[in-house]
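# Overview (structure and organization)
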Amino acid sequence: MSSLTVSTKLARIAKQSEQNPARVFTTLAHLMDEDFLTEAYHQLRKDAAAGIDKVTATEYGVNLGERIKDLHRRMVLGEYRAQPARRVWIPKGDGGQRPLAILVLEDKIVQRAVAMILEAIYEPHFCDFSCGFRRHFSAHTAIIELRQQCLKLGINWIIDADIRKFFDTISWEQLRTILQKRMKDGAILRLIGMWLHVGVLEAGASGESGIGHSARSADFTRAGEHLSA
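Right, let's walk through the structure included here. One numbering rule holds for all chains: residues counted from 1, following each sequence as written. For this predicted model, a pLDDT threshold of at least 70 governs which residues receive local features, and a threshold of 80 or more governs which side-chain atom pairs are given and counted, while totals over whole chains, interfaces and linings are taken from all residues. Note: side-chain values were computed over all heavy atoms of the structure, leaving out hydrogens and water.

### Concerning the overall build of the protein chain
Short version of the rule: Secondary structure counts use DSSP, requiring at least four H or I residues in a row for a helix and at least two E residues in a row for a strand, with both numbered from the N terminus. Per-residue accessibility, obtained with a 1.4 Å probe over protein chains only, is compared with the maximum for each type, and a residue is labelled buried under 20%, exposed over 50%, and partly exposed between these values. Contacts between residues were defined by any pair of non-hydrogen atoms, one from each residue, lying within 4.5 Å. Per-residue and other accessible areas were derived by the Shrake-Rupley procedure at a 1.4 Å probe size, with only the shown protein chains allowed to occlude residues.
When you go through the protein chain residue by residue, the secondary structure sums to nine helices and four strands. Considering the protein chain as a whole, with its 229 residues, one finds that 34% of them fall into the buried category. Within the protein chain, counting contacts between residues at least 6 apart in sequence, those at least 24 apart form 70% of the total. Of the roughly 13,700 Å² that the protein chain leaves accessible, carbon and sulfur atoms contribute 55%.

### Remarks on helix α4 (residues 64–77)
For clarity, the cut-off: To estimate how far a helix should extend, the number of its residues minus one is multiplied by 1.5 Å. To be clear, the arc concerns the directions from the helix axis to the C-beta atoms.
In a regular helix each residue adds 1.5 Å, so 14 residues correspond to 20 Å; α4 covers 20 Å between its end C-alpha atoms and thus fits that length. All of the buried residues in α4 are Leu-64, Ile-68, Leu-71, Arg-74 and Met-75. For α4, the angular spread of the buried residues around the axis is 125°, confining them to a single face. Away from its buried face, by an angle of more than 90 degrees, α4 presents the exposed residues Val-76 and Leu-77. Looking at the buried side of α4, the elements it contacts are α2 (34–43), α3 (57–61) and α5 (105–122). One or two positions beyond α4, positive phi appears at Gly-78, with a value near 75°.

### A look at the packing of α4 against α5
Note the cut-off: Under this scheme, a helix contributes an axis fitted over its contacting stretch, all axes are lines through C-alpha atoms, and angles between N-to-C directions fall in the 0 to 180 degree range. For classification purposes, angles smaller than 35 degrees are called roughly parallel, those larger than 145 roughly antiparallel, those between 65 and 115 roughly perpendicular, and all remaining angles oblique. Left-handed describes a crossing whose near helix is turned anticlockwise from the far helix through less than a right angle; right-handed describes the clockwise counterpart.
Where α4 contacts α5, the two axes come as close as 12 Å, and the packing angle between them is 70°. On the basis of their axis angle, the class for α4 and α5 is roughly perpendicular. Seen along the crossing, α4 lies across α5 with a hand that is right-handed. Where α4 abuts α5, its residues Arg-67, Ile-68, Leu-71, Arg-74 and Met-75 lie against Glu-106, Ile-109 and Val-110.

### Overview of the environment of Thr-141
Rules: In protein, a polar contact means a hydrogen-donor-capable atom and an acceptor-capable atom, both N or O and within 3.5 Å, with residues adjacent in sequence counting only if both atoms are side-chain atoms; elsewhere, any N or O pair within 3.5 Å suffices.
Summarising the element assignment, Thr-141 is placed in helix α6 (residues 139–153). For Thr-141, a relative accessible area of 27% gives the class partly exposed. In this structure Thr-141 touches Cys-131 and His-136, once residues within four positions along its chain are discounted. Reaching out from Thr-141, the side chain makes a polar contact with the backbone oxygen of Ser-138 at a distance of 2.7 Å.

### What to know about the nonpolar core
The condition that has to hold: We call a set of buried residues a nonpolar core when its members are Ala, Val, Leu, Ile, Met, Phe, Trp, Tyr or Cys and they connect through side-chain atoms within 4.5 Å of each other.
Core analysis: the biggest nonpolar cluster contains 42 residues, and Leu-28, Met-32, Ile-109 and Ile-192 have the highest contact counts within it. When residues of this core are traced back to their parent elements, those giving at least two are α1 (4–19), α2, α3, α4, α5, α7 (172–179) and α8 (186–197). Per-element tally for this core: the top contributor is α5, with eleven residues.

### Here's the deal with the side chain of Arg-74
Positionally, Arg-74 belongs in helix α4. Residue class for Arg-74 comes out buried when judged on its relative accessible area of 16%. Beyond its immediate chain neighbours, meaning those up to four positions away, Arg-74 contacts Glu-79, Tyr-80 and Glu-106.

### Side note on unusual backbone geometry
Even without being a glycine, Lys-54 presents a positive backbone phi close to 65°. Here Lys-54 lies in the loop between α2 and α3. For Lys-54, a relative accessible area of 66% translates into the label exposed. Not every positive phi belongs to a glycine, and Phe-133 is a case in point at roughly 55°. Summarising the element assignment, Phe-133 is placed in the loop between α5 and α6. Given a relative accessible area of 43%, Phe-133 falls into the partly exposed group.

Here you go:
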């Protein structure tokens, strides 16, 4: 559960966003202090695979306080640098493969912290039937909503469509424009831009993350889907 300080910060942003849907937030990066980053760490899956530095969440947590303090110091001084993701391939049901980018833990922490802020801004305005990649929503809640609407409206046909390699072709320029409609914090925009362009490592070779330099992390590919909807 979030600490009171972090909860209060996020609740204040959410309330301001809900009360004024046209508000553009300009000063948010300072909210990501040591407590905020610590909470972001605690929200991460502790059994997730390690990135190229091979540091697991459990290992990072052994001396968590000092590690978070050093991470925060580097962020404040502009010394924090994202590291390339480790790319692995996951088999798909149709016989194909899906690329998965595995980040180093510190990138996961900072990305989760930024995602927490973005969620506070945008979550009050999402529709109840928008179930993709949201907290407390899942494929099951989507199925329930779909079933209820089909029964209510007498729907007999359902079309299932997917955009091929959607996250691989997201335009950073368009994503940035969408973000700036509600958030113009230069520090956070620079962080997102760094993550989008840092690239991946596969079999020891480096490369771009996608045709459109798409968000390679779970948090920001998912945020991209909501913000571009």
